[in-house]
Amino acid sequence: MAKFLAELLGCALPDKGSSSVRETVRFRTSAHANPLPAHKQERMPQTPPFAAMFDSSGYNRNLYQSKEDGCGGLYYHDNNLLSGSLEALIQHLVPSVDYYPDRTYIFTFLLSSRLFMHPHELMAKVCHLCIEQQRLSEPGQDKNRIRKIAPKILQLLTEWTETFPYDFRDERMMRNLKELAQRVTSGDEMYRKNVQQLLQNLLRKLATVSQYEEVLAKISAASTDRLTVLKTKPQSIQRDIITVCNDPYTLAQQLTHIELERLNYIGPEEFVQAFVQKDPLDNDKSCYGDRKKSRNLEAYVEWFNRLSYLVATEICMPVKKKHRARVIEYFIDVARECFNIGNFNSLMAIISGMNMSPVSRLKKTWAKVKTAKFDILEHQMDPSSNFYNYRTALRGATQRSLTAHSSREKIVIPFFSLLIKDIYFLNEGCANRLPNGHVNFEKFWELAKQVSEFMTWKQVECPFERDRKILQYLLTIPVFSDDALYLASYESESPENHVEKDRWKTLRFVSKVTHISE
């Protein structure tokens, strides 16, 4: 994980002190169906509206600028929850007969609490509080009281299992979930059916993600046969991308299929788990010693890298200069279609591949390319001013998505590495705890805002028809290693200086040695 993050954060990015262009987009968590029938649903009191949390332009306000109202260890300013002790925040999560936490609070706390404790520890505390406060352990339970509290507890469990299902891959989580559900549903057949449905939905999601991870492993095993064996103009690849798909728009659609599928399996908690830190009030013990790695997030970043290398491979592979120029122009058209669709991640991966040194040094090839369209795309993704042009385009795509009348218009696929870096710097730039030991909840509202926007984007269903042949090619065709790319590039256009000549000689020597050893 450390190596993965080091490679990820090694990309060009603004200094911590540089200005940040922040989107003022509505916070929208995923809609959850209430698991209870209409006649059993209760009106649930709400905490202050979440939208109010983002009225200010930043989150580093002076918390003690004016008198605050303290409520059970929670501190508010202008009706906004700013901080609180960890215990008070946990208590704020637990429903009662006349109280149910606001959905945005539930999402924000479940997302951020893992910086301070394991999800299974939080679940144990929630179960304990529910049982003790509602006297669920008493033999002669008040049936009317149970009927009033049961819908709220089941709704909380539903939101947790639907939004953070990966938490329940832990047997301790499942055990506590079943125990609490059993207590609140005892003696009521309708509630028992609701719990069964909740568990079935959860198990179905966990089975689906396990199958997805198995498929990823198979794809990885098939594609790790990268052409590291150096050959003069390697001929191992018999097909090229234009032979498989000669329409740039169709390829952009298939790339969007891959992007949306991989986005869909990334859990919101992975953004927090990717940047594990130690809680100073937890005896310097890491919060995730035995937690699952953020593997779906990693797999998505690996896809970006693969696409970049695939683009470079396809360009360097042809023997003839006019063929290489044709491939470059083809990918420029694919990148433009990705931009129009709102697929910024594939767009940036294509640009990244075309800017790799083995490709960019092919000056004779580029001289045959009409680069006006490519220059426009590069301008859109220019990293200067903290990716100002890209962020403007992303805001435009987001606004289009909010008012969309079709799935096609709803697509927003962000440049993922930059999204992770934004979240990383938000996490690094503001303390988790205040000097008085309270959890800095104002920071976590902002964190939740960014992650929830991603949650909205990832739920869009791809409207384009799948093409298995093209998808298989994109996901499994071998791609050149760095050395193979350079060798193919030098074979296409001879080295221009001593450094390139020396590298070419070394690569050809290694290639001959490799052939002999075979």
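Worth saying up front: this structure is predicted, and the values here are computed from it rather than measured. (Residues numbered from 1 in each chain as written. Predicted model: local features only at pLDDT ≥ 70, side-chain atom pairs only at ≥ 80, totals over all residues. Heavy atoms only, no water.)

(A) Local environment of the pattern of salt bridges. Here the structure, examined in full by the defined rule, presents 15 salt bridges. The residue Arg295 makes a salt bridge to Glu213 at a minimum N-O spacing of 3.2 Å. Here Arg295 is found in helix H11 (residues 295-316), whereas its partner Glu213 is found in helix H7 (residues 189-223), with 82 residues between them in sequence. By relative accessible area, which is 39% here, Arg295 ends up partly exposed. As a salt-bridge pair, Arg391 and Asp422 come within 2.8 Å of each other at their nearest N and O atoms. Separated by 31 residues along the polypeptide, Arg391 in helix H17 (residues 384-402) and Asp422 in helix H19 (residues 416-429) bring together distant segments of the chain. (Salt bridge = Lys/Arg side-chain N within 4 Å of Asp/Glu carboxyl O. Helix = DSSP H or I, 4+ residues; strand = E, 2+ residues; numbered from the N terminus. Buried < 20%, exposed > 50% of the residue type's maximum accessible area, 1.4 Å probe, protein only.)

(B) Fine view of helix H2 (residues 86-93). Counting buried positions along H2 yields six of eight residues, so the element is predominantly enclosed. Buried residues of H2: Leu86, Ala88, Leu89, Ile90, His92 and Leu93, and no others.

(C) The arrangement of the confidence of the model for the protein chain in detail. On average, residues of the protein chain score 81 in pLDDT, and 76% of them are at 70 or above. Note that residues 1-70 has pLDDT below 50 and, in this model, 142 contacts with residues that lie over four places away or in other chains. Here residues 283-291 is modelled with pLDDT under 50, and outside its nearest four sequence neighbours on either side it reaches 27 contacts, counting other chains as well. (pLDDT = per-residue confidence, 0-100. Contact = heavy atoms within 4.5 Å.)

(D) Looking closely at a positive patch on the surface. On the surface, Lys320, Lys321, Lys322, Lys364 and Lys368 cluster together into a positively charged patch. Positionally, Lys320 belongs in the loop between H11 and helix H12 (321-341). (Patch = residues over 30% accessible without salt bridge, like charges linked within 9 Å, V, L, I, M, F, W, Y side chains within 5 Å. Areas by Shrake-Rupley, 256 points an atom, 1.4 Å probe, with all protein chains shown as cover. Lys, Arg positive; Asp, Glu negative; His and termini not counted. Charge placed at Lys NZ, Arg CZ, Asp CG, Glu CD.)

(E) Representation of the environment of Ala488. For Ala488, the location among the structural elements is in helix H22 (residues 482-492). Ala488 gets classed as buried once you look at its relative accessible area, which sits at 1%. Each C-alpha atom of the pair Ala488 and Met317 lies 6.6 Å from the other, and the pair is 171 residues apart in sequence.

(F) Structural detail: the environment of Arg361. With respect to the secondary-structure elements, Arg361 resides in the loop between helix H14 (357-360) and helix H15 (363-366). The class of Arg361 is buried, set by a relative accessible area of 9%. In sequence terms Arg361 and Glu493 are 132 residues apart; their C-alpha atoms lie 8.5 Å from each other. Contact partners of Arg361, with chain neighbours within four places excluded, come to Ser489, Tyr490, Glu493, Ser494, Pro495, Glu496 and Glu500. In this structure the side chain of Arg361 is engaged in a polar contact, spanning 2.9 Å, whose partner is the side chain of Ser489. (Polar contact = N/O pair within 3.5 Å; in protein donor to acceptor, adjacent residues only side chain to side chain.)

(G) Seen up close, the nonpolar core. Of all hydrophobic cores here, the largest spans 140 residues; its most connected members are Leu251, Phe271, Phe331, Met354 and Phe416. Here the element with the most residues in this core is H11; it accounts for twelve residues. Excluding its chain neighbours within four sequence positions, the residues that come into contact with Phe416 are Leu263, Ile266, Phe271, Leu297, Tyr300, Val301, Asn345 and Phe454. With six residues, the next largest nonpolar core counts Val209, Tyr212, Tyr265 and Ala299 among its residues. (Core = buried A, V, L, I, M, F, W, Y, C linked by side-chain atoms within 4.5 Å.)

(H) Seen up close, the environment of Arg169. Structurally, Arg169 can be placed in the loop between helix H5 (143-163) and helix H6 (171-185). Look at Arg169 and you get partly exposed, because its relative accessible area is 29%. Residues Arg169 and Leu206, 37 residues apart in the sequence, show an inter-C-alpha distance of 7.3 Å. For Arg169, the side chain forms a polar contact with the side chain of Glu213, separated by 2.9 Å.

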